[in-house]
Structures are given as structure tokens and as C-alpha cells.
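Here's the letter readout for the chains.
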Amino acid sequence: MKLKPKISASRRLFLKTKILKQARSLLATEKEEKQRERERVLSETISPLVLSGLSLQELQTLCRELHQKSDAIDEERYDIAVKVGKNDKEIAELSHKISELKGKMKRPALKRVKISADAMLGALLGAKFRESVDFKANLKTVKKEEEKKEEVTDWRKNVEAKSGMEGRKKLFDAGQ
């Protein structure tokens with residue numbers, strides 16, 4: 001028996017649109033807050049450049065300082081990228097373990113591989129296996145029936161014998 005929903009469809013639609021409007025406004029305020037935070041951090045870490053009235057020597061020292069700061073930031077960015085990659089791998093491994101524990105493992109499509117018997121035994125037994133094995137040695141030998149050899153006769157005689165009514169009668173009698 002199917003239960004009827006307690007809320008009408010129009011009420012459900014109204015609530016859904018209201019929730020979406022609220023989520024949209026929250027996203028917009030969150031975006032603005034992130035932008036303000038970014039501008040605040042940038043203003044704290046980076047002082048405005050004043051290049052007017054500087055001599056050549058002072059400009060060169062300023063360039064060296066900026067270069068050192070950019071190198072330090074690149075190193076931090078690289079370290080963070082490595083940590084993120086390591087965390088991603090760990091997350092993937094843990095999710096794989098979880099899926100194994102649940103038992104809902106998807107089997108990958110196996111591809112056919114042509115491998116010799118020696119190579120297969122070597123893969124299964126490892127380094128212990130050195131010599132080749134002859135699998136055909138212990139097989140039974142089956143004797144083929146020798147084909148019955150018919151006597152070779154002149155084919156013209158055979159055709160003449162089967163021609164006419166007598167020949168057809170012989171064929172008919174031979175078939176029964």
C-alpha cells in the first residue's frame with residue numbers, strides 16, 4: 001500500500017523554492033566574505049610598491065627582495081600541492097578499503113593474455129621454478145583408425161556399369 005505524502009505538491013514546491021532562494025543568498029554572502037578576506041590578507045602581506053624617487057641600486061635590491069619572496073611562496077605552494085596529492089592518495093586507498101569491506105567490489109574487465117606454460121608456472125611458483133615441464137609426456141596415445149583402402153579400378157568401367165536402367169537399379173539396391 002502506497003502512503004500519500006503529508007504535504008501537498010504546491011506546498012512542497014513553495015518550500016523548495018524558498019530553500020533555494022535562501023541557499024543562493026547564503027552563497028552570495030559567503031562569496032563576498034571570501035573576497036573581503038582575500039583583499040585583507042593581500043593588503044597585510046603585500047605593501048604597495050613605491051617606485052618613484054628610487055635609485056638604480058635601490059630598485060635592484062627591491063627586485064632581489066621580490067624575487068626571494070616569490071621563491072619562498074613557490075616553495076610553499078609546491079609543499080602544499082605535495083601534501084594535497086598525498087592526502088588524495090590516502091583518501092582513495094581508504095575509500096577502496098571501505099568498498100572492499102562492504103563487499104561491493106566491481107571486478108575489472110580481465111584481458112586475455114597469451115602466456116606459455118613455462119611462463120605461467122614461473123609466475124605461480126616464482127624463482128623456485130627453473131626447468132621446463134613437458135605436459136604432453138603423460139598423455140594417452142590414441143590410435144587413429146586406418147582408412148579402408150579401396151581397390152583402384154578403372155573409373156570408366158564403373159560408369160558403364162551404372163549407366164542405363166541396370167546401373168540405377170544397382171544403385172537403388174545398394175542404398176537399401
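All residue numbers refer to positions counted from 1 along the written sequence of the respective chain. Only residues with pLDDT of 70 or above have their local features reported here, since the model is predicted, and side-chain atom pairs are shown and tallied only from 80 upward, although totals for entire chains, interfaces and linings are computed over all residues. Note that the side-chain values use all heavy atoms of the structure and ignore hydrogens as well as water.

The chain is annotated in an unreviewed UniProt entry as Troponin I, cardiac muscle of Ictalurus punctatus. UniProt positions are given in the numbering used here, feature names are shortened, and annotations may be inferred rather than shown by experiment. One UniProt comment on the chain, placed under Sequence similarities (unreviewed entry), says "Belongs to the troponin I family."

*Asks:* Summarise the overall build of the chain; cite the residues concerned and give the values.
*Replies:* Helix and strand definitions follow DSSP, with helices as H or I runs of at least four residues and strands as E runs of at least two, each counted in order from the N terminus. Scanning the chain from terminus to terminus reveals five helices and zero strands. Listing every helix and strand of the chain by position from the N terminus yields α-α-α-α-α. In the chain, buried positions account for 2% of the 176 residues. In short, Shrake-Rupley with a 1.4 Å probe defines the accessible areas, and a residue's cover is counted only from the protein chains shown. Counting every atom, the chain has about 18900 Å² of accessible surface; 58% of that belongs to carbon and sulfur. Note on exposure labels: buried denotes an accessible area under 20% of the residue type's maximum, exposed denotes more than 50%, and partly exposed covers the range between, all computed with a 1.4 Å probe on protein chains only.

*Asks:* Got a sec to walk through a negative patch on the surface? Specific residues and values, please.
*Replies:* Where like charges cluster on the molecular surface, the negative patch consists of Asp 71, Glu 75, Glu 76 and Asp 79. Asp 79 sits in the partly exposed class, given a relative accessible area of 44%. Like charges are joined within 9 Å and nonpolar side chains (Val, Leu, Ile, Met, Phe, Trp, Tyr) within 5 Å, but only among residues with over 30% relative accessible area and no salt bridge; these make up the patches. Salt bridge, as applied in this entry: a Lys or Arg side-chain nitrogen positioned within 4 Å of an Asp or Glu carboxyl oxygen. Note on charges: Lys and Arg go in the positive column, Asp and Glu in the negative column, and His and the chain ends are not counted at all. Working definition for charges: the position is that of NZ of Lys, CZ of Arg, CG of Asp or CD of Glu.

*Asks:* Go over helix 2 (residues 56–102) with me, naming the residues and quoting the values.
*Replies:* Multiplying 1.5 Å by the residue count of a helix minus one yields the expected span of that helix. Over its 47 residues, helix 2 extends 68 Å from the first C-alpha to the last, a length consistent with the 69 Å expected when each residue adds 1.5 Å. Downstream of helix 2 by a residue or two, Gly 103 has a phi angle that is positive, lying close to 85 degrees.

*Asks:* A description of the pattern of salt bridges should follow, citing residues and the corresponding values.
*Replies:* Applying the stated criterion across every chain, the model contains five salt bridges. The network of salt bridges with shared partners includes Glu 37, Arg 40 and Glu 44.

*Asks:* I'd like a rundown of a positive patch on the surface, residues and numbers included.
*Replies:* A contiguous patch of positive charge, built from Arg 11, Lys 18, Lys 21 and Arg 24, is present on the exposed surface. You can call Arg 24 exposed: its relative accessible area is 57%.

*Asks:* Got a sec to walk through the layout of surface pockets? Specific residues and values, please.
*Replies:* In this structure, the largest pocket occupies an estimated 250 Å³ of space. Around the largest pocket, the lining is made up of 13 residues, and of these Thr 45, Ile 46, Ser 47, Leu 66 and Lys 69 lie nearest the centre. Counting residues per element, the lining of the largest pocket draws most heavily on helix 2, at six residues. Amino acid classes used here: Ala, Val, Leu, Ile, Met, Phe, Trp, Tyr, Cys and Pro are nonpolar; Asp, Glu, Lys and Arg are charged; the rest, including Gly, are polar. Its residues placed into classes, the lining of the largest pocket shows eight nonpolar, three polar and two charged. Residues are called lining when one of their atoms sits within 4 Å of a cavity or pocket point, these points coming from a 1 Å grid over the protein atoms alone, where a cavity is a set in which a 1.4 Å probe fits but cannot get out and a pocket is an open set with protein on both sides within 12 Å along at least five of seven lines. Grid points are joined across faces, edges and corners, and a volume is the space filled by probe spheres set on the points.

*Asks:* Please set out a nonpolar patch on the surface residue by residue, giving values where relevant.
*Replies:* Together, Leu 49, Leu 51, Leu 54, Leu 59 and Leu 66 make up an exposed nonpolar region whose accessible area comes to about 410 Å². Along the chain, Leu 51 falls in the loop between helix 1 (9–45) and helix 2. A relative accessible area of 48% means that Leu 51 is categorised as partly exposed.

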